[in-house]
Amino acid sequence: EAEVAQSPRYKITEKSQAVAFWCDPISGHATLYWYRQILGQGPELLVQFQDESVVDDSQLPKDRFSAERLKGVDSTLKIQPAELGDSAMYLCASSLGRESTGELFFGEGSRLTVL
Amino acid sequence: AQSVSQHNHHVILSEAASLELGCNYSYGGTVNLFWYVQYPGQHLQLLLKYFSGDPLVKGIKGFEAEFIKSKFSFNLRKPSVQWSDTAEYFCAVNAWGANNLFFGTGTRLTVIP
């Protein structure tokens, strides 16, 4: 069964350092999402790509977060500088089409701890 | 704006007990509704979904959910839980025509053998 791949699974960093997360969606999935899940809460959308274009980044803290999906396949989410409040699970998801089915396939996530 | 409320934060049941997890959403238009499950150490996965038609939908592992439009609810049910159902359950909604999902805060289910 095809899966969404994410790396690293775990990242510990000190505040003010830069961190990056990588995601490889299921092959052929046009839409890619980055969600942030703080402990005890549900996932919240950070950014959504349709192919290589950003569809929604309204909740992305653009002063420190950036995301790209240059060739419309894999994607990188970067945080610079990291802050204590960024400690969370960063989830990548993908969906097949450009029209809504809402059925997202999630990766296992990258857990970030900022010290 | 869309929002999803899950009022049960942690539910503890004995095996064979019946389960009902509440989910209410706020959105005035047509919505698609979902329940996702996250087993310990695993990724989020789809349990069931409602797009249209019969408001009672059946998912994997014996779960079902009922969409009650007048109550803006989409409660998850299972007649007899098993220890392996121990997981976190998330209700999610997206507006028809949109891709993004809005998630509730989740309900942690612990099933005691």
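Further up the page is the structure itself.
Here's a quick rundown of the structure. Keep in mind it's a predicted model, so treat the numbers as computed, not measured. (Residues numbered from 1 in each chain as written. Chains lettered and ligands numbered in written order. Predicted model: local features only at pLDDT ≥ 70, side-chain atom pairs only at ≥ 80, totals over all residues. Heavy atoms only, no water.)

**Looking at the pattern of salt bridges**
Scanning the entire structure with this criterion turns up 10 salt bridges over all chains. Measuring nitrogen to oxygen at the nearest pair gives 3.4 Å for the salt bridge that ties A:Glu83 to A:Arg64. A residue pair is termed long-range when its members are at least 10 positions apart, and A:Glu83 in the loop between strand S8 (75–79) and strand S9 (88–95) and A:Arg64 in the loop between strand S6 (53–56) and strand S7 (65–68) qualify at 19 residues. Look at A:Glu83 and you get partly exposed, because its relative accessible area is 40%. Take A:Arg64: its relative accessible area is 13%, and that puts it in the buried class. With its nearest N and O atoms 2.7 Å apart, the salt bridge here joins B:Lys49 to A:Glu103. Highlighted residues: B:Lys49 in strand S6 (residues 45–50) and A:Glu103 in the loop between S9 and strand S10 (105–106), drawn from two different chains. Taken together, the shared-partner salt bridges connect A:Arg36, A:Arg64, A:Glu83 and A:Asp86 into one network. (Salt bridge = Lys/Arg side-chain N within 4 Å of Asp/Glu carboxyl O. Helix = DSSP H or I, 4+ residues; strand = E, 2+ residues; numbered from the N terminus. Buried < 20%, exposed > 50% of the residue type's maximum accessible area, 1.4 Å probe, protein only.)

**So, the interface of chain B and chain A**
Across the contact, 20 residues belong to chain B and 24 residues belong to chain A. Across the interface of chain B and chain A, roughly 1,600 Å² is buried in total on both sides, 49% from carbon and sulfur atoms. Where chain B packs against chain A, one counts three residue pairs in polar contact (both at pLDDT 80 or more). Going through the elements one at a time, strand S5 (31–38), S6 and strand S10 (87–95) of chain B are the ones with two or more residues in the side of chain B that touches chain A. Class assignment for the residues of the side of chain B that touches chain A results in 10 nonpolar, nine polar and one charged. (Contact = heavy atoms within 4.5 Å. Buried area = accessible area lost by both parts, 1.4 Å probe. Polar contact = N/O pair within 3.5 Å; in protein donor to acceptor, adjacent residues only side chain to side chain. Nonpolar A, V, L, I, M, F, W, Y, C, P; charged D, E, K, R; others polar.)

**As for the nonpolar core**
As a rule of thumb, soluble globular proteins bury nonpolar side chains together. B:Leu19, B:Leu33, B:Trp35, B:Leu48, B:Phe74, B:Leu76 and B:Tyr89 are the most contacted members of the largest nonpolar core, which has 28 residues in total. Looking at this core, the elements with two or more residues in it are strand S2 (10–14), strand S3 (19–21), S5, S6, strand S8 (64–68), strand S9 (73–78), S10 and strand S12 (107–112) of chain B. When neighbours within four sequence positions are excluded, B:Leu33 is seen to be in contact with B:Tyr25, B:Leu48, B:Lys49, B:Tyr50, B:Phe67, B:Phe74, B:Ala92 and B:Val93. With 20 residues, the next largest nonpolar core counts A:Val19, A:Leu46, A:Phe65 and A:Leu112 among its residues. (Core = buried A, V, L, I, M, F, W, Y, C linked by side-chain atoms within 4.5 Å.)

**Side note on the environment of B:Phe90**
Residues and elements named next belong to chain B. Inspection of the secondary structure assignment puts Phe 90 in strand S10. Take Phe 90: its relative accessible area is 0%, and that puts it in the buried class. A sequence separation of 48 residues divides Phe 90 from Gln 42, and the C-alpha atoms of the two residues are 14 Å apart.

**Details of the side chain of A:Arg69**
All names here are of chain A. Residue placement: Arg 69 occurs in the loop between S7 and S8. With no salt bridge to any partner, buried Arg 69 finds its closest opposite charge in Asp 51, at an N-O distance of 5.3 Å. A distance of 3.0 Å separates the side chain of Arg 69 from the backbone oxygen of His 29, its partner in a polar contact. When sequence neighbours within four positions are dropped, the list of residues in contact with Arg 69 reads Pro 25, His 29, Ala 30, Thr 31, Leu 32, Phe 49, Gln 50, Asp 51, Glu 52, Asp 74 and Ser 75. (Lys, Arg positive; Asp, Glu negative; His and termini not counted.)

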